[in-house]
Amino acid sequence: MASPADCLPRLPGGFMVTVRALLFWALVYSYCALCACIELLKLLWSIGRSPGKTFQRIIRENPPACLSDPSLGTHCYVRIKDSGLRFHYVAAGERGKPLMLLLHGFPEFWYSWRHQLREFKSEYRVVALDLRGYGETDAPSHQENYTLDCLITDIKDILESLGYNKCMLIGHDWGGMIAWLVAICYPEMVTKLIVVNFPHPSVFTEYILQHPSQLIKSGYYFFFQMPWFPEFIFTVNDFKVLKNLFTSRTTGIGRKGCRLTAEDIEAYLYIFSQPGALTGPINHYRNIFSCLPLQHHEVTMPTLLLWGERDAFMEVEMAETTRIYVKNHFRLTILSEASHWLQQDQPDIVNKLIWTFLKEETIRKRE
């Protein structure tokens, strides 16, 4: 078993490495400044057109009913002994059944797995977690509390606190990044790995540095390096950016997908409009560049990678390249009409693909 510190990269010494590191950080901060300028221009344009609307915000004191829907499961909390943090999760299915642990992306929370909570509770103890800093989970105030080391260790500690020593791990987007790293660092804890719309971290690192188109699509990684300004931009026009991520033609769920209802959107707005609710999630990204470039690490358990081809943030070419890092059964399924929000966009298809993968692996083990 490797510790997170062993799995995450360490750059060797040397003059050329120092030069490369300087060039890397120059790229990071230059692109950060460029993204900030673009967002500032958008803000000024909005103020010029409608200053009152730009700074309008609705106070949301009560959660929408969908967040307490009993068919989704039970709201639970667990406090981690070492970190002292209290984590919120929603659990469905009987205790004692095999654990299916679900890790959401950004800007999401446990509710993004509502379709899977209902679907898999018949055979699994399904746990949809609010990651560190999200929703009702504790949010440490310091940026250094959101390193990848901390996020990986959170999952190990939560697994143990729930009374399990292994699980089937599923992650989407940023939760997919964490799921890959947990599988690498703690392979004995992950029986099967399913990742939705996020490539192996090494693939992502190599690809983004070689393809300007992906660098542009990942511009928010750079923009989030700034203090407080990204959080402010999200609040403009009553969280218009947040709403557009899920509903716009370029980034949202398409006409053929399972579109979010008005109540679903309100659930997201309620969670992220609470005081300080955006800082924790964005802090996840504020430490990422100190962990790049990543070293190559192999994944040793059966792995399913699901990908929406219409993903506005991740280029599909990275999905196929991921295969070389999985030293076990690997299945890749690309859905041509699906967006980045795959498990919400095409829940029936995603659930069917997961069931098929799980049953295949059961048969494979028996053989």
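Residues numbered from 1 in each chain as written. Predicted model: local features only at pLDDT ≥ 70, side-chain atom pairs only at ≥ 80, totals over all residues. Heavy atoms only, no water.

### So, the confidence of the model for the protein
Here is step 1: On average, residues of the protein score 92 in pLDDT, and 93% of them reach the 70 mark or higher.
Here is step 2: Ranking the elements of the protein by mean pLDDT puts helix 1 (residues 4-7) last, at 70, and strand 3 (residues 99-103) first, at 99. (pLDDT = per-residue confidence, 0-100. Helix = DSSP H or I, 4+ residues; strand = E, 2+ residues; numbered from the N terminus.)

### Looking at the sheet that holds strand 6 (residues 190-196)
Here is step 1: With mixed pairing, the 8 strands of this open sheet are ordered in space as 1-2-4-3-5-6-7-8. Lying at the two open borders of the sheet, with one neighbouring strand each, are strand 1 (74-79) and strand 8 (330-335). Adjacent strand axes in the sheet meet at a mean angle of 20 degrees when their direction is disregarded.
Here is step 2: Docked against the sheet, helix 5 (residues 148-161) engages strand 1, strand 2 (86-92), strand 3, strand 4 (125-129) and strand 5 (167-172), running at close to 145 degrees with respect to strand 3.
Here is step 3: Relative to strand 5, helix 6 (residues 174-185) is tilted by about 145 degrees, and along the sheet it contacts strand 3, strand 5, strand 6 and strand 7 (303-308). (Pairing = 2+ DSSP bridges. Axes fitted to C-alpha atoms, helices over the stretch in contact; angles between N-to-C directions. Contact = heavy atoms within 4.5 Å.)

### A closer look at the packing of helix 5 against helix 6
Here is step 1: Running from N to C, helix 5 and helix 6 point in directions that differ by 75 degrees, and their axes come no closer than 9 Å. Classified by the interaxial angle, the pair formed by helix 5 and helix 6 is roughly perpendicular. Of the residues in helix 6, those in contact with Leu148, Leu151, Ile152 and Ile155 of helix 5 are Trp174, Ile178, Leu181, Val182 and Cys185. (Parallel < 35°, antiparallel > 145°, perpendicular 65-115°, else oblique.)

### Regarding helix 11 (residues 262-272)
Here is step 1: For helix 11, the tally of buried residues reaches 8 of 11 residues, placing the bulk of the element in the interior.
Here is step 2: Those residues of helix 11 that fall on the buried side of the exposure criterion are Asp264, Ile265, Ala267, Tyr268, Leu269, Tyr270, Ile271 and Phe272.
Here is step 3: Of the surrounding secondary structure, the elements contacted by the buried residues of helix 11 are helix 4 (114-120), helix 10 (229-247), helix 12 (279-283) and helix 14 (342-345). (Buried < 20%, exposed > 50% of the residue type's maximum accessible area, 1.4 Å probe, protein only.)

### Quick look at the nonpolar core
Here is step 1: In this structure, Leu169, Trp174, Leu193 and Tyr221 are the most contacted members of the largest nonpolar core, which totals 124 residues.
Here is step 2: Per-element accounting of this core gives the leading share, 10 residues, to helix 6.
Here is step 3: The residues contacting leucine 169, other than those within four sequence positions of it, are Leu101, Leu103, Ile155, Ala179, Val182, Val190, Lys192, Leu193 and Ile194. (Core = buried A, V, L, I, M, F, W, Y, C linked by side-chain atoms within 4.5 Å.)

### Focus: helix 5
Here is step 1: In a regular helix each residue adds 1.5 Å, so 14 residues correspond to 20 Å; helix 5 covers 20 Å between its end C-alpha atoms and thus fits that length.
Here is step 2: Along helix 5, the positions that sit buried rather than exposed are Leu148, Leu151, Ile152, Asp154, Ile155, Lys156, Asp157, Ile158 and Leu159.
Here is step 3: Backbone geometry just after helix 5 places glycine 163 at a positive phi near 90 degrees. (Expected span 1.5 Å × (residues − 1).)

### A short note on the packing of helix 10 against helix 11
Here is step 1: Where helix 10 meets helix 11, the closest approach of the two axes is 10 Å, and the angle between their N-to-C directions is 140 degrees. When the axis of helix 10 is compared with that of helix 11, the two are oblique. The way helix 10 lies across helix 11 gives a crossing that is right-handed. Of helix 11, the residues touching helix 10 (which contributes Asp238, Phe239, Leu242, Lys243, Phe246 and Thr247) are Ile265, Tyr268, Leu269 and Phe272.
Here is step 2: By residue class, the composition of the contact of helix 10 with helix 11 is 7 nonpolar, 1 polar and 2 charged. (Left-handed = near helix turned anticlockwise from the far one by under 90°. Nonpolar A, V, L, I, M, F, W, Y, C, P; charged D, E, K, R; others polar.)

### So, a positive patch on the surface
Here is step 1: Residues Arg249, Arg255, Lys256 and Arg259 make up a contiguous surface patch of positive charge.
Here is step 2: Along the chain, arginine 249 turns up in the loop between helix 10 and helix 11.
Here is step 3: According to the relative accessible area criterion, arginine 249 is exposed, its value standing at 79%. (Patch = residues over 30% accessible without salt bridge, like charges linked within 9 Å, V, L, I, M, F, W, Y side chains within 5 Å. Areas by Shrake-Rupley, 256 points an atom, 1.4 Å probe, with all protein chains shown as cover. Salt bridge = Lys/Arg side-chain N within 4 Å of Asp/Glu carboxyl O. Lys, Arg positive; Asp, Glu negative; His and termini not counted. Charge placed at Lys NZ, Arg CZ, Asp CG, Glu CD.)

### Topic: the packing of aromatic side chains
Here is step 1: All told, the structure shown has 31 aromatic pairs when counted by the stated rule.
Here is step 2: Ring centres of tyrosine 220 and phenylalanine 224 lie 5.9 Å apart, and the angle between their planes is 65 degrees; on these two criteria the pair is classed as edge-to-face.
Here is step 3: Ring geometry for phenylalanine 224 and phenylalanine 234: centres 6.3 Å apart, planes at 45 degrees, overall tilted. Placement of phenylalanine 224 in the loop between helix 9 (219-223) and helix 10 and of phenylalanine 234 in helix 10 is noted, with a sequence separation of 10 residues between them.
Here is step 4: Directly above the ring of tyrosine 77 sits arginine 86, whose terminal nitrogen or CZ lies 4.0 Å from the centroid. (Phe/Tyr/Trp six-rings, centres within 6.5 Å; stacked < 30°, edge-to-face > 60°. Lys NZ or Arg CZ within 6 Å of the ring centre and 35° of its normal.)

### Concerning the pattern of salt bridges
Here is step 1: Scanning all chains against the criterion turns up 14 salt bridges.
Here is step 2: A salt bridge links aspartate 238 to lysine 243; the shortest N-O distance between them is 3.9 Å.
Here is step 3: We classify lysine 243 as partly exposed; its relative accessible area is 26%.
Here is step 4: Where glutamate 360 meets arginine 331, a salt bridge forms, and the shortest distance between an N and an O atom there is 2.7 Å.

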